[in-house]
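Chains, contacts and geometry: an overview
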Amino acid sequence: MLLKNVIGQEHAKKGLLDMYQSGHLPHALLLVGEEGYGGLPLAWAFIQYIMCEHKLPTDACGTCPNCSKISKWEHADVHISFPSIKLSSDKKNLSKYHIDSFKEFVAQTSYGTCYDWLQFIDADNKQGNISKDECDEIIHQMSLKSYEGGLKVQVIWLPEYLGKEGNRLLKLIEEPPADTLFILITSAKEDVMPTIVSRTQLVPLVPIPANYLYEELVHKGITDPTAAAQIAQIAKGSYAEALHLAKQLDNDLFADLRNWFNALFAKKGADIISFVEEYAKKGREQQKNFLHYVMTILEQAIKARYIPESHVNLPDAEKQFVLKLASMQLDMDQLQQMIKEINDTQYAIERNAHSKTQLHALSISLQFIIQNRKWMGNVY
Ligand SMILES: [Zn+2]
């Protein structure tokens, strides 16, 4: 994994490179960010950079023996622990028993969530954890001499799964043997023992900007540009979420939005009803995704209206739609009321409210809000 292949996180990348290049790399780092922001790939790429034999100024070479071993998680001095389950009752719960699955998992994408990972190893409903035995294994590994005579690295992906067993690692993280580096990657810092957190240097990660997600989805050929633009808007900065959405979205959200809004703005009752009936047949996830998408479009319209210099980062058709909405005589209050109504509906649908009733009620209240304005013709 090369740093340039980690999506976004420019600030964190620069921070890590600065620490290393200035000779002030702490012996324990804690990467903090939601699942899907890219903590694991960032840690992976940074380790490869540190261990690379022919480093470039801001990245590993990608071709030296160390790069090649690390890119396959096969370097003898780079260890990783992650949530896992017992393979059988007579076997300890150790990450090394799952390492082949793990390599396969991250080869597909290193942006997967813990849930994706546990699904991948068929954990079913078993709760994954990082066990007491795994802690002992870490302590043992780190007490051995480095195989290749250089740095030894221990990655702990999701230390929130250590629970109280984390106590066992305190001394090691506080007074590590020479030439060791710990990189912990968490998506729930509040669930990591404070005594561990306080012994590490925090590296905050940020949501991945929509345009980066868009580029990645299109560049990797995961979806077409139309779907990619919609997914990028609703993935909340998470590439894992974007990948999930890419599997789920089977329709063009923009086309749906345009039909619905045209019916609402033009007061076409029959069209509104057929839209509601169509959408009520879709799964709850689809309905929630759609409503989330509509809210992001309305938010963009508010931005375009009130911060005119802000750049609308959308494909052309959607951009024109947003600008048209922004130029209508809907004031800030109306746009915000619309967002609130949609948000409430999304919340209700999430809690299993009857979606047809909800979507119908939503259409009516949006119409009321819209009619408060001066009639300007079709949105589109
Ligand atoms: Zn290299």
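Calculation rules
Residues numbered from 1 in each chain as written. Predicted model: local features only at pLDDT ≥ 70, side-chain atom pairs only at ≥ 80, totals over all residues. Heavy atoms only, no water. Donors = N, O, S within 2.8 Å, 3.2 Å for Na, K, Ca; no water. Tetrahedral: all angles 85-135°; square planar, octahedral: opposite > 155°, others 65-115°. Axes fitted to C-alpha atoms, helices over the stretch in contact; angles between N-to-C directions. Helix = DSSP H or I, 4+ residues; strand = E, 2+ residues; numbered from the N terminus. Left-handed = near helix turned anticlockwise from the far one by under 90°. Contact = heavy atoms within 4.5 Å. Nonpolar A, V, L, I, M, F, W, Y, C, P; charged D, E, K, R; others polar. Salt bridge = Lys/Arg side-chain N within 4 Å of Asp/Glu carboxyl O. Buried < 20%, exposed > 50% of the residue type's maximum accessible area, 1.4 Å probe, protein only. Domains from an automatic or database assignment. Lys, Arg positive; Asp, Glu negative; His and termini not counted. Core = buried A, V, L, I, M, F, W, Y, C linked by side-chain atoms within 4.5 Å.

1. Let's talk about the coordination of the zinc ion
- The coordination sphere of the zinc ion, as far as protein atoms go, consists of Cys52 (SG), Cys61 (SG), Cys64 (SG) and Cys67 (SG), spread over 2.3 to 2.4 Å.
- Between the four donor atoms coordinating the zinc ion, the angles at the centre fall across 101 to 118 degrees, so the site counts as tetrahedral.
- When the donor residues of the zinc ion are listed from N- to C-terminus, their spacing reads C-x8-C-x2-C-x2-C.

2. Observations concerning the packing of helix α13 (residues 269–280) against helix α17 (residues 355–371)
- At a closest axis distance of 9 Å, the pairing of α13 and α17 adopts a crossing angle of 145 degrees. Both α13 and α17 take part in a crossing whose hand is right-handed. Along the contact surface, α13 presents Ile272, Ile273, Val276, Glu277, Tyr279 and Ala280, while α17 presents Ser355, Lys356, Leu359, His360, Ser363 and Gln367.
- Partitioning the contact of α13 with α17 into residue classes produces six nonpolar, four polar and two charged.

3. As for the pattern of salt bridges
- Throughout the structure, instances matching the rule amount to 17 salt bridges.
- Glu165 is paired through a salt bridge with Lys164; the nearest N and O atoms lie 3.7 Å apart.
- Using a relative accessible area of 63% as the deciding quantity, one classes Lys164 as exposed.
- A salt bridge links Lys220 to Glu216, with the nearest nitrogen and oxygen atoms 2.5 Å apart.
- In this structure, a network of salt bridges that share partners links the residues Asp136, Lys164, Glu165 and Arg168.

4. Some words on the domain arrangement of the protein
- On domain assignment, one finds that the protein holds domain 1 (3–206) and domain 2 (250–371).
- Placing the centre of domain 1 and that of domain 2 at their C-alpha centroids yields a distance of 41 Å.

5. As for the side chain of Glu134
- With respect to the helices, strands and loops of the structure, Glu134 is situated in helix α6 (residues 132–143).
- The buried charged residue Glu134 lacks any salt bridge, with Lys96 as its nearest oppositely charged partner at 7.8 Å.
- For Glu134, the residues in contact, after removing those within four places along its chain, are Ile80, Ser81, Asn93, Leu94 and Ser95.

6. Looking at the nonpolar core
- Counting residues in each nonpolar core, the largest one holds 100 residues, and the members touching the most others are Trp157, Trp260, Phe261 and Leu325.
- Here this core spans two domains, and each of domain 1 (3–206) and domain 2 (250–371) adds at least three residues to it.
- Of all hydrophobic cores here, the second largest spans 19 residues; its members include Met142, Ile156, Leu169 and Ile196.

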